Amino acid sequence: MNLKIRAFLTNLLDKKSSKLESKFNSQKNNLLYVCHGSNTKWNGIGQELYRESEVFNNTIQKYHKISKEKFNFNLLEIYTNKDYKILQKSSSTRVMALASLQMGMIDLWKSKGVYPDAVLGVSLGEVAACYGAGGISFQDAVSVGYYISKTYSYMKEPGVLIYLDITKTQRKNLLNKLKGIIYVTSELSLTRFFIFLRNENLEKVSLFLSNEKLKHRVIEYNSSMHTSIIENSPKKEEVQKFFQTIVHKPLEVDLYSSVYGKVVFAGTTLKPDYWYEAMTKTCLSGQSISNAIQDNYNVLLNIVGNSVLKNTINTSAKMHRKKVVFIPTISLKESEIKTLNTTYNSLVNLNLIDPTKSYSVKHNVDSFSKNSTDLMQLEIIKNPYPFLKETRNYNPVQYFEKHEFWQVLNYDDVDFALKNPEIFSSLPAKGMDSVLLGAEPIDHYRSRKVLAPYFSPNAIKKFSQVIREEAEKILNNISIKELDIVKDYAIPLSEKVIANFIGLKQKEVAEIQSHLGENRYELTYFSELEGCFSKYLDTIHSLDKNTFCTKILQSEGFNKSELTSILKLLWIAGTTTTSMLISSSVLILLENPELVNELKDDFSKMKPFIEEVLRYESPEKTSWRTTIKDVELSGVFIPKNSQVHLCLASANRDPKYFDNPDDFNFNRTGKKKHLAFAAGPHYCIGAELARLEVRIALEVLIEKFPAMKLARPKENISYFKSTHFRALESLPVNLE
Ligand code: HEM
């Protein structure tokens, strides 16, 4: 049946949906993954697999990386520490251990080609089950597990868990009579339940149960999972809010849910409040197991092992007169590898594995995190930071469907990608320049070596004077009271400086400018620039022997066509981002006039001020790369040949390295340097020139017009529509 129709029917028919269709013929072996809930009896389980199985080990490492970075939770301690008592430390530790163990097992079985027809989750096992059914990303599964473990501690109060053998009707009566005193937390089968109550009510409840002649057994317990106690907790909103941030994907296979006690069909996307309900509602595992068996699932692969479930399954199988095989995948009693091999052979015998094929686990391990947001929408262009923050927090590596590229948003991954060109190639820049920015490692190294001496701090120093002169000339020539900082100051100045660097005369600059069009940031003029520079280099014999170009050609660092490409790159790189930084700096000063005075009194503060603007309003929002190998970042698998945008603007606001990253504070002592000039081999070669230019541009402006003001309300100021640049389109100021 079409997945969508099935999903529709699930929603439509709230009751007994598992009986809608007998999904499978009873001739075939139908495989169900069963992921059970928390259990205290499995200390140390997984350690042998962690040592011996590469797939399992990878998953645990990945789980650890995410839980460590996001929640500072050290998972590896559980898998490497011989002292299993660490698991006794807290229920939170056990939750993380079990969730990771189950996800590791799911990946391990999938790597052997064992794909379930459906999955069933019980309590905490819902997390791994949902991950196994493709309904949730790897990262989100880790986050849900963590929040469940956190919620345990919120709800924790000394309580008693009682085990009861009663019918459904008796249960209903009991709940009515002891409303608010007992909470049914979980069903073990259709006639067995756990109830939870506070210590002080034990005497009253025991008396009541004895009087009613209800068979029960008291278990001391320290946690209150699946109870509505959280409803009265001050943490309720926080828990609810967090779970709402989890993004669900359409299930790839049916999920027997203990939250609903029935099947949720493939194609359905779980509701946002699913995990909150999983925490607070009665865990209906008896009903979901019964439904799965009735639906002809006959091979139940127990992801990890729990003997309590075995009884439930046997009872249900008897009730429905079905033959069921229940296979453990890991056991306390023998070597983990031995159980694994036995189970593998059983599955081969049941025709559930084809031993001649090898499988890859990649598509399961990855969390193919898709985002449908249009990054060009006005709100995001105007102020991208709230969106970047939210996205980075949720999942720092995402695929943007509309744009068909990946975005990497956290500092560590962006930094890693920038520093590993053998994985993240600069291919996307080849169209602009293949000699330096778009060059691959060996060629790039050679080109960089030729150019580096011209950009050293010493070589750059000599431009101070010319920058100051040009800046003063522009401002002295202004006769009007209103000035557009972008078009009348920042762009003309940066063009003058780069022209001077290259050695262009006024005539050549004018010709270039005639091709650039109104909006310089559109970058529609590559070929015209190339034509201009090629023509310019034809006149090389008549040039001053001491210019940048003549020196390079004489030293045979580049041939003419290579140098043409470099000139084009320098013009674009040197004029766009630098003018953007000048304009953004001015806007920050206009919004914070007290800063103008502070800087005017002490220009030595200009340097840290500019570094903070680079971090806070990074002119190059993203650097573009193409993956030339499969790669994994933050647990997300990115295939070879993917377009990847490394979001410098987001990395520069990563709270891991920048405290209160959304505050503009030029006195900050960051734990890492900002990435506005990128990092690794393509680190901006013009960084020193840019810093010098922006510093002098601001000094001259402040000296001349210390009282300048915004000429329009800030809301009317627009930014250039681009995923690449952070650029004000215009910035009108009143000079008096
Ligand atoms: C505030 C101003 C500037 C910013 C924010 C900036 C930013 C960047 C960034 C992020 C990159 C790396 C791009 C990538 O890896 O994909 C880069 C590279 C580059 N930048 Fe800048 N840049 C600025 C000014 C300049 C100036 C003034 C020049 C030259 C006059 C320049 C020349 C270059 C060149 C040639 C590269 C390529 C380096 C290589 O591939 O080895 N930049 N810049």
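Residues numbered from 1 in each chain as written. Predicted model: local features only at pLDDT ≥ 70, side-chain atom pairs only at ≥ 80, totals over all residues. Heavy atoms only, no water.

### Focus on the confidence of the model for the protein
Step number 1: Summing up the model confidence of the protein, the mean pLDDT is 86 and the portion of residues at 70 or higher is 90%.
Step number 2: Below a pLDDT of 50 lies the segment residues 1–25, which in the model reaches 46 contacts outside its immediate sequence neighbourhood of four places, other chains included.
Step number 3: In this model, residues 360–368 is a region of pLDDT below 50 whose contacts with residues beyond four sequence positions or in other chains number 28 contacts. (pLDDT = per-residue confidence, 0-100. Contact = heavy atoms within 4.5 Å.)

### Describing the sheet that holds strand 2 (residues 118–121)
Step number 1: Taken together, six strands build an open sheet; the order of strands is 8-7-2-1-9-10 and the sheet is mixed. Across the chains shown, the open sheet's two edge strands, defined by having one partner strand only, are strand 8 (262–264) and strand 10 (325–328). Pairwise comparison of adjacent strand axes, ignoring direction, gives a mean angle of 25 degrees for this sheet.
Step number 2: Helix 6 (residues 125–132) rests against strand 1 (31–35), strand 2 and strand 7 (254–257) of the sheet, and its axis sits at about 165 degrees to strand 2.
Step number 3: Across the face of the sheet, helix 14 (residues 336–349) comes into contact with strand 1, strand 9 (299–303) and strand 10 while running at roughly 150 degrees to strand 10. (Pairing = 2+ DSSP bridges. Helix = DSSP H or I, 4+ residues; strand = E, 2+ residues; numbered from the N terminus. Axes fitted to C-alpha atoms, helices over the stretch in contact; angles between N-to-C directions.)

### A few points about the coordination of the iron atom of the ligand
Step number 1: Protein coordination of the iron atom of the ligand is limited to a single donor, C684 (SG), which sits 2.3 Å from the metal.
Step number 2: By secondary structure assignment, the location of C684 is in the loop between helix 29 (648–651) and helix 30 (687–704). (Donors = N, O, S within 2.8 Å, 3.2 Å for Na, K, Ca; no water.)

### Side note on the site of the ligand
Step number 1: Near the ligand there are 28 residues, and of these H444, R448, R625, H682 and C684 occur at the shortest range.
Step number 2: One of the side-chain nitrogen or oxygen atoms of H444 is found 2.7 Å away from an oxygen atom of the ligand.
Step number 3: One of the side-chain N or O atoms of R448 is found 2.7 Å from an oxygen atom in the ligand.
Step number 4: Those elements that provide at least two residues to the shell around the ligand are helix 19 (441–451), helix 26 (560–591), strand 16 (622–627) and helix 30.
Step number 5: With seven residues, helix 26 is the largest single contributor of residues to the shell around the ligand.
Step number 6: In terms of residue class, the shell around the ligand is made up of 18 nonpolar, seven polar and three charged. (Near = heavy atom within 4 Å. Polar contact = N/O pair within 3.5 Å; in protein donor to acceptor, adjacent residues only side chain to side chain. Nonpolar A, V, L, I, M, F, W, Y, C, P; charged D, E, K, R; others polar.)

### Some remarks on the environment of K249
Step number 1: Along the chain, the position of K249 falls in the loop between helix 10 (236–244) and strand 7.
Step number 2: K249 sits 118 residues away from Y131 along the chain, and the two C-alpha atoms are 9.9 Å apart.

### Examining empty space enclosed by the protein
Step number 1: According to the stated counting rule, one finds three cavities of 30 Å³ or more in the structure shown.
Step number 2: By volume, the largest cavity amounts to about 110 Å³.
Step number 3: Along its surface, the largest cavity is lined by L375, I380, I381, P384, F387, L388, Q407, K621, T622, C647, S722 and T723.
Step number 4: Among the elements of the structure, helix 16 (378–382) and helix 17 (385–394) are those that each provide at least two residues to the lining of the largest cavity.
Step number 5: Looking at the lining of the largest cavity, its residues break down into seven nonpolar, four polar and one charged. (1 Å grid on protein atoms, 1.4 Å probe; cavity = no way out; pocket = protein on both sides within 12 Å on 5 of 7 lines; lining within 4 Å. Points joined across faces, edges and corners; volume = space filled by probe spheres on them.)

### Digging into the packing of helix 28 (residues 606–616) against helix 30
Step number 1: Between helix 28 and helix 30, the least distance of the axes is 10 Å, while the angle of their chain directions is 115 degrees. Accordingly, the angle class assigned to the pair helix 28 and helix 30 is roughly perpendicular. Taken as a pair, helix 28 and helix 30 cross one another with a handedness that is right-handed. Together, M606, K607, F609, I610 and E611 of helix 28 and R691, V694, R695, L698, E699 and I702 of helix 30 make up the contact between the two elements.
Step number 2: Across the contact of helix 28 with helix 30, the residue classes tally to six nonpolar, no polar and five charged. (Parallel < 35°, antiparallel > 145°, perpendicular 65-115°, else oblique. Left-handed = near helix turned anticlockwise from the far one by under 90°.)

### A short note on the packing of helix 23 (residues 506–516) against helix 24 (residues 526–538)
Step number 1: Direction vectors running N to C along helix 23 and helix 24 enclose 165 degrees, while the axes themselves pass 9 Å from each other. In terms of orientation, helix 23 and helix 24 fall into the roughly antiparallel class. The handedness of the crossing between helix 23 and helix 24 is right-handed. Taken together, the residues of helix 24 that come into contact with helix 23 (itself represented by E508, E511, I512, H515 and L516) are E528, L529, C532, F533, K535 and Y536.

### Some words on helix 30
Step number 1: Taking 1.5 Å of rise per residue, 18 residues should cover 26 Å, and helix 30 covers 26 Å from first to last C-alpha, within 8% of that figure.
Step number 2: Counting buried positions along helix 30 gives 13 out of 18 residues, so the element sits mostly inside the fold. (Expected span 1.5 Å × (residues − 1). Buried < 20%, exposed > 50% of the residue type's maximum accessible area, 1.4 Å probe, protein only.)

### Points about the pattern of salt bridges
Step number 1: All told, the structure shown has 25 salt bridges when counted by the stated rule.
Step number 2: Linking K281 and E277 is a salt bridge whose minimum nitrogen-to-oxygen distance equals 3.5 Å.
Step number 3: Owing to a relative accessible area of 35%, K281 belongs among the partly exposed residues under this scheme.
Step number 4: Judged by its relative accessible area of 17%, E277 falls in the buried class.
Step number 5: Among the salt bridges present, the one from E598 reaches K605, with a minimum N-O distance of 3.2 Å.
Step number 6: Overall, the relative accessible area of 28% leaves K605 in the partly exposed class. (Salt bridge = Lys/Arg side-chain N within 4 Å of Asp/Glu carboxyl O.)

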